[in-house]
Amino acid sequence: MAQLQNKMGSLTSQQDGAECCIYRVPNSFRKVRPEAYTPQLISIGPLHRGDERLKDKEQQKLRYLKEFSERDGMDKKEIEDLLIIIQKNEARIRASYSENFSEITGSDFIEMILLDALFIIEFLKDSNDLQHDSESLKPWMIFDIREDLMLLENQLPFFIIEEIYDTAYRKEATRDEKPPIPFFKLATVYFGKYTFSQGVKNTDWD
């Protein structure tokens, strides 16, 4: 009885401190149409991490990190600062998922979050850039990635993407002498009002 009470007490503590918002889709839904709930091209977050079908696009995440760091002249220390932000929020990020993913070590988890967050940010920025012509992302890939990013299981907590975005692009905004579009606006414009070809206009940033 004491052991059972301890287990219940532990469960209560986890629930009290959790902000769980990312769940697996019930099997009853998945059985009807599996492809509607499963990423087809890219994995975001831990729920589909390690899926062999999605391995190819892991290189695209690294390319985005390389392009991001080179474009903004970020040194090793600035990349480490982003990793530290994630490390400080690791417990909160993990609590956002309905599973604990204890098999993913701290360093691997932190690296995954950084790569996935930067991929989302860079993808949204590129997709709203009228002048951008990606050599590595073909039109059909862009459509599939957009669909993957809207899947319930294929998510990162919004707060950590926003914090990484605000930190990483502060330097870019200072250099360009204009405020960057807020990440919330970037995301809502992309997934809502605009199509791929329309881009984001400065007049829409306010």
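Everything below is about the structure shown above.
First, a word on what this report is: a plain description of the structure on this page. (Residues numbered from 1 in each chain as written. Predicted model: local features only at pLDDT ≥ 70, side-chain atom pairs only at ≥ 80, totals over all residues. Heavy atoms only, no water.)

Moving on: the pattern of salt bridges. Scanning the model with the defined rule gives 10 salt bridges in all. Between Lys-61 and Asp-116 there is a salt bridge whose closest N-O contact spans 2.6 Å. Pair noted here: Lys-61 is in helix 3 (residues 58–71) and Asp-116 is in helix 6 (residues 106–127), with a separation of 55 residues, a long-range link. Overall, Lys-61 belongs to the buried group, its relative accessible area being 2%. With a relative accessible area of 2%, Asp-116 lands in the buried category. One salt bridge connects Arg-146 with Glu-147, and the closest N-O pair in it is separated by 3.0 Å. (Salt bridge = Lys/Arg side-chain N within 4 Å of Asp/Glu carboxyl O. Helix = DSSP H or I, 4+ residues; strand = E, 2+ residues; numbered from the N terminus. Buried < 20%, exposed > 50% of the residue type's maximum accessible area, 1.4 Å probe, protein only.)

With that settled, the discussion passes to the packing of aromatic side chains. Using the criterion set out here, one finds eight aromatic pairs in the structure. Residues Tyr-97 and Phe-101 carry aromatic rings whose centres are separated by 6.0 Å and whose planes lie at 90° to one another, so their mutual orientation is edge-to-face. Take Tyr-97: its relative accessible area is 4%, and that puts it in the buried class. The class for Phe-101 is buried, based on a relative accessible area of 6%. A ring pair is formed by Tyr-165 and Phe-183, whose centres lie 5.4 Å apart and whose planes are at 50°; its orientation type is tilted. Of the two residues, Tyr-165 is situated in helix 8 (residues 158–168) and Phe-183 in helix 10 (residues 183–193); the sequence distance between them amounts to 18 residues. Accessibility classification places Tyr-165 together with Phe-183 in one group, the buried group. Grouped by ring-pair contacts, the aromatic residues Tyr-64, Phe-119, Phe-123, Tyr-190 and Phe-191 constitute a single cluster. Here Arg-92 stacks its cationic end above the ring of Phe-159, 3.6 Å away from the centre of that ring. (Phe/Tyr/Trp six-rings, centres within 6.5 Å; stacked < 30°, edge-to-face > 60°. Lys NZ or Arg CZ within 6 Å of the ring centre and 35° of its normal.)

By the secondary structure assignment, Ser-98 is in the loop between helix 5 (90–95) and helix 6. Between the C-alpha atom of Ser-98 and that of Ile-22, which follows or precedes it by 76 residues, the distance is 6.2 Å. Setting aside residues up to four positions removed in sequence, Ser-98 forms contacts with Cys-20, Ile-22, Tyr-23 and Arg-24. (Contact = heavy atoms within 4.5 Å.)

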